[in-house]
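# Residue-level structural notes
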Amino acid sequence: MSWDDDNELVVDGPTTFPVDRRDFLKLTSTGLLVLMAVDPVHGLQETARPQTGRQGYPTDVNAYLHIGADNRATCFVGKVELGQGSMTSLAQLLAEELDVPLTSVDIVMGDTDVCPWDMGTFGSLSIRSFGPVLRDAGAEARAVLLLLASERLQMPVDKLAVKAGVVSVAGDATRKVTYGQLTEGKRIERKLEQKATVKPVEAFTIVGTSAPRRDAIEKVTGKAKYAGDIVPPGGALHARILRPPAHGATMTQVDTSAAEKLPGVRVIRDGDMVAVLHEHRDEADKALALIKAQFTRNDPPVDNMTIFDHLVKNAPQGQRAAAGGDVAGFAAATAQMFEATYLDSYMAHAPMETHSAVAAVENGKVTVWAGTQTPFPVKNQIMAALRLPADKVRVITPFVGGGFGGKSASRQAVEAARLAVLTGKPVRVIFGRDEEFFYDTFRPAAVIKIKSAIDASGAIVLWDYNVYAAGERGAAQFYNIANHRTMVYGSWGGGGDAGTAGYHPFAIGPWRAPGASTNAFARESHIDVMAAKAGLDPVAFRLKNLTDTRMIRTLQAAAKQFGWTPRPGPSGRGVGVACGIDAGTYVTLMTEVAVDKATGRVQVKRVVCAQDQGVIVNREGSLQQVEGCITMGLGYTFSEEIRFKGGEVLDKNFDTYELPRFSWVPRIEAVFIDAPDIPAAGCGEPTIVPVGAVVANAIFDAVGARLDHLPMTPARVKQAIGRT
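Everything numeric in this text was worked out from a predicted model, so none of it was measured. (Residues numbered from 1 in each chain as written. Predicted model: local features only at pLDDT ≥ 70, side-chain atom pairs only at ≥ 80, totals over all residues. Heavy atoms only, no water.)

## Examining unusual backbone geometry
Each neighbour pair has its own omega, and for Gly569 with Pro570 the value is 0°, a cis peptide bond. Following the sequence through the fold, Pro570 ends up in the loop between helix H14 (549–562) and strand E26 (575–582). The peptide bond linking Leu710 to Pro711 adopts the cis configuration, its omega dihedral lying at -5°. Checked against the element boundaries, Pro711 lands in the loop between strand E32 (709–710) and helix H17 (714–723). In the Ramachandran plot, Ala164 falls in the positive-phi region, its phi being about 55° despite a non-glycine side chain. Tracing the sequence through the fold places Ala164 in the loop between strand E7 (160–163) and strand E8 (166–169). Residue classification places Ala164 among the partly exposed residues on the basis of a relative accessible area of 40%. (Helix = DSSP H or I, 4+ residues; strand = E, 2+ residues; numbered from the N terminus. Buried < 20%, exposed > 50% of the residue type's maximum accessible area, 1.4 Å probe, protein only.)

## Quick word on the pattern of salt bridges
Counted by the stated rule, this structure contains 40 salt bridges. Residue Lys79 is joined to Asp118 by a salt bridge in which the shortest nitrogen-to-oxygen separation is 3.1 Å. Highlighted residues: Lys79 in the loop between strand E5 (73–77) and helix H2 (86–98) and Asp118 in the loop between strand E6 (105–109) and helix H3 (125–153), separated in sequence by 39 residues. In this structure, the salt-bridge partner of Arg667 is Glu669, at a minimum N-O distance of 2.9 Å. Classification of Arg667 by relative accessible area gives exposed; the value is 53%. (Salt bridge = Lys/Arg side-chain N within 4 Å of Asp/Glu carboxyl O.)

## Quick word on the packing of helix H12 (residues 516–534) against helix H16 (residues 691–703)
It is the contact of H12 with H16, at a shortest axis distance of 8 Å, that shows an interaxial angle of 30°. Judged by the inter-axis angle, H12 sits roughly parallel to H16. Every pair of crossing elements has a handedness; the one defined by H12 and H16 is right-handed. Residue-level inspection shows Ala520, Phe521, Glu524, Ser525, Asp528 and Ala532 of H12 in contact with H16, the latter providing Gly692, Ala693, Ala696, Asn697 and Phe700. (Axes fitted to C-alpha atoms, helices over the stretch in contact; angles between N-to-C directions. Parallel < 35°, antiparallel > 145°, perpendicular 65-115°, else oblique. Left-handed = near helix turned anticlockwise from the far one by under 90°. Contact = heavy atoms within 4.5 Å.)

## Brief notes about empty space enclosed by the protein
Picture a little ball the size of a water molecule; that probe, rolled over the atoms, points out where space is still empty. Per the counting criterion, the structure on display carries three cavities of 30 Å³ or more. When its volume is computed, the largest cavity comes out at roughly 70 Å³. In terms of lining residues, the largest cavity is bounded by Asp528, Ala531, Ala532, Leu536, Pro538, Gly569, Val575, Gly576, Val577, Asn697, Phe700 and Asp701. Breaking the lining of the largest cavity down by element, the ones donating at least two residues are H12, E26 and H16. Tallied by class, the residues present in the lining of the largest cavity amount to seven nonpolar, three polar and two charged. (1 Å grid on protein atoms, 1.4 Å probe; cavity = no way out; pocket = protein on both sides within 12 Å on 5 of 7 lines; lining within 4 Å. Points joined across faces, edges and corners; volume = space filled by probe spheres on them. Nonpolar A, V, L, I, M, F, W, Y, C, P; charged D, E, K, R; others polar.)

## Quick notes on the environment of Thr486
For Thr486, the position within the fold is in strand E25 (residues 484–489). On the basis of relative accessible area, Thr486 is assigned to the buried category, the value being 0%. Setting aside chain neighbours within four positions, we find Thr486 in contact with Gln319, Arg320, Ala321, Ala322, Tyr465, Ala475, Ala476 and Gln477.

## As for the sheet that holds E5
The strands making up a sheet are joined through hydrogen bonds of the backbone, oriented either antiparallel or parallel. Taken in spatial order, the three strands of this open sheet run E4-E5-E6, and their pairing is mixed. Since the sheet does not close on itself, it has two edges, and those belong to strand E4 (65–67) and E6, each with one partner. Along the sheet, successive strands turn relative to each other by an average axial angle of 20°, direction set aside. Sheet topology places E5 next to E6; five bridges connect them, and they run parallel. Its bridge partner lying in E6, Ala73 is registered against Val105. Lying over the sheet, H2 contacts E4, E5 and E6, oriented at roughly 130° with respect to E6. (Pairing = 2+ DSSP bridges.)

## Things to note about the packing of aromatic side chains
Describing an aromatic ring pair means giving the distance of the ring centres and the angle of the ring planes. The tally for this structure, following the rule as stated, stands at 19 aromatic pairs. When the ring of Tyr342 is compared with that of Phe521, the centres are 6.1 Å apart and the planes differ by 85°; the resulting orientation is edge-to-face. In this pair, Tyr342 is assigned in strand E18 (residues 336–344) and Phe521 in helix H12, connecting sequence segments 179 residues apart. Considered together, Tyr342 and Phe521 belong to a single accessibility category, that of buried residues. Geometrically, the ring pair formed by Phe431 and Tyr439 is tilted, given 6.1 Å between the ring centres and 40° between the ring planes. Neither Phe431 nor Tyr439 differs from the other in exposure class; each is buried. Counting every residue linked through ring pairs, the aromatic cluster contains Tyr57, Tyr64, Trp117 and Phe130. In this structure, Arg411 is placed above the aromatic ring of Tyr439, and the distance from its NZ or CZ to the ring centre is 3.9 Å. Over the face of the ring belonging to Trp511 we find Arg443, whose NZ or CZ atom lies 5.2 Å from the ring centre. (Phe/Tyr/Trp six-rings, centres within 6.5 Å; stacked < 30°, edge-to-face > 60°. Lys NZ or Arg CZ within 6 Å of the ring centre and 35° of its normal.)

## Topic: the nonpolar core
If you look at the biggest cluster of nonpolar residues, it comprises 134 residues, and the most contacted ones within it are Tyr346 and Ile382. Beyond its immediate chain neighbours, meaning those up to four positions away, Ile382 contacts Val368, Arg387, Val393, Val395, Ala413, Val414 and Ala417. The next biggest cluster of nonpolar side chains, apart from the first, holds 56 residues, and it includes Val61, Val77, Val207 and Phe399. (Core = buried A, V, L, I, M, F, W, Y, C linked by side-chain atoms within 4.5 Å.)

## Some words on the sheet that holds strand E21 (residues 393–396)
Taken in spatial order, the seven strands make up an open sheet running E14-E15-E12-E22-E19-E20-E21, and their pairing is mixed. Each of the sheet's edge strands pairs with one partner strand only, and the pair in question is strand E14 (266–270) and E21. Each neighbouring strand pair of the sheet contributes to a mean axis angle of 25°, computed without reference to strand direction. With six bridges joining them, strand E19 (residues 356–362) and strand E20 (residues 365–370) adopt antiparallel strand pairing. Pairing of Ala357 across the sheet is with Ala370, part of E20. In the packing of helix H7 (residues 281–290) onto the sheet, the strands contacted are strand E12 (237–241), strand E15 (273–278) and strand E22 (427–430), and the crossing angle to E12 comes to about 30°. Contacts between helix H9 (residues 375–386) and the sheet are confined to E20 and E21, with E21 contributing the most and set at about 145° to the helix.

## Thoughts on the confidence of the model for the protein
Per-residue confidence for the protein gives a mean pLDDT of 91, with 91% of residues at or over 70. Of the regions scoring below 50 in pLDDT, residues 1–32 engages in 78 contacts with residues more than four places distant in sequence or in other chains. Low pLDDT (under 50) marks residues 37–54, which in the prediction has 44 contacts with non-local residues, meaning those over four places away or in another chain. (pLDDT = per-residue confidence, 0-100.)

## Considering the pairing of strand E9 (residues 172–178)
For E8 and E9, the ladder comprises four bridges, and the chain directions are antiparallel. By the bridge assignment, Ser168 is partnered in E9 with Lys176. As consecutive antiparallel partners, E8 and E9 are separated by two residues, and within that stretch Gly171 has a phi angle of approximately 90°, a positive value.

Structural data, given as structure tokens:
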């Protein structure tokens, strides 16, 4: 590989060009694949984890691993590396079950020709959902390798021991054979009489350790390769595509004659797409600027100020997410009632790497290197757009520079593939920051209305929760409330359940723990409102109304680490607490803030996180996720908010859309609950869920002002202080 004049990576030679799985294995190792045939009743069918309504994971364990003659194992996964560290933690899982050193495991991710199908990398599913599948595959492979070793060493399996990929006779280390020697030189098939079992947690030696990130050195040295860095042999043309001024606008006239006169420029018109292409991006930019186009706008009569009324008035049919007792018949005679409305604004994903893709055609096969969270669904989209069969499309996913749900949609990959076919040349599409904002699938704006009541003892006796547009995730409350109901009107997921066409003026979609942070902000703010009115300490109030032991122990662990001193709010100290559950993980956050009443600016000084995520695969990796969630969460808490008018997105870059800065990052302390009896849950998203709520509660404790609208900008903080 080398670098061209544009400082872009050039792939030398044909080895990274389209090859099928068989060719790939020939290229990567001289050893042969271990094939296993297993009793269908007790075997691999039980290892599959079908996804509801979608294709399930392959049941053939050969899809996930390869043992080379050099005694190295290669792990194949359809997941991608977004910066979350799964290329390290997934390798840990396989190394653990195979009994090989972690350093002897290579990993190939997100390549649709060689990796097993996967619906995508999102939802904190890599460890909690795919992890058991990979562990099963490793355990099955280890069992077959032991059978082979038993034959080679003429000893029963139960007299053998495995260490570092070497099988030896127990008590006689001189009689040994490596995995690589067992698989070398022949096709191997073995039938297991029963399903192999995975290791118990107490036997782990690799899982649970803080193995260093495999991508760390490449990323801190700038050597990491992203989709936009790839240049296929022969180079790639930069494509710049004409975009409408607003969502819903239709092009009525276009004149490309001036652009066509520029040297080296190619202009492509294909249906709704008008693109200019040039060897250099700046020349393509110049050509794009010369295109004269007229659009008819069809802007909906909403903007970022009026959207909330629109969402409530035009909400789809409500769906009951949870219920208990008798909400409709609740008698309020002896209870103290509370009613409030909470708002959250549209928000962008704002990844460092904008949507990027490079596409090339060779021998009728289209290969696309794409920055995407969903290589297999993207492959399907390209197949549909180009009307090609599956064996004619390959998607390869290099490192992805942040996604947070926003790269589940990957129109740039389809555009690059279309243009590569139309031009007969490799083509690169890299979104500008303005395109990134325009085509983002925003976290939806949302409205939450809550009616509640407490009795004279401080017990919550009513909880009537109605959420518009944020969806069900994190909506159901987890307190012990006799009469409760959670109604959900519209989801974040697009399609019919997100509301009718026009409900949102542009695309919406998942955003890190989609909807859960919005729901947590409303729920935990409202819990705090009741605690203050009852004259109770907010931690004591929560404990009084909780019976869930996992939540109770995170709350108590956080209070111990924080040094929480019980006192009703507002106490003037600027401390707050909030809880959340996401991806099977329980979280309690506590924080201390300082509020500048004159400017409305809030400085978060310290955050303590107590988290119960079950078995921890990589402790340092989990800590990085906690720190990342809290840092990113400060953005939706304080500043990130999309401004728009009709279908036009007014924020086009970071001069108006403010991200968290290093100066905002507080002292962060994490406490992980020891929970070996609970399967590994998600850890990429849960900590971000209560960030907005815990800061809102701390602001109230500091100055007595209740914030009910995210983000809590300085202007909104000042307004809230003014109302006190």
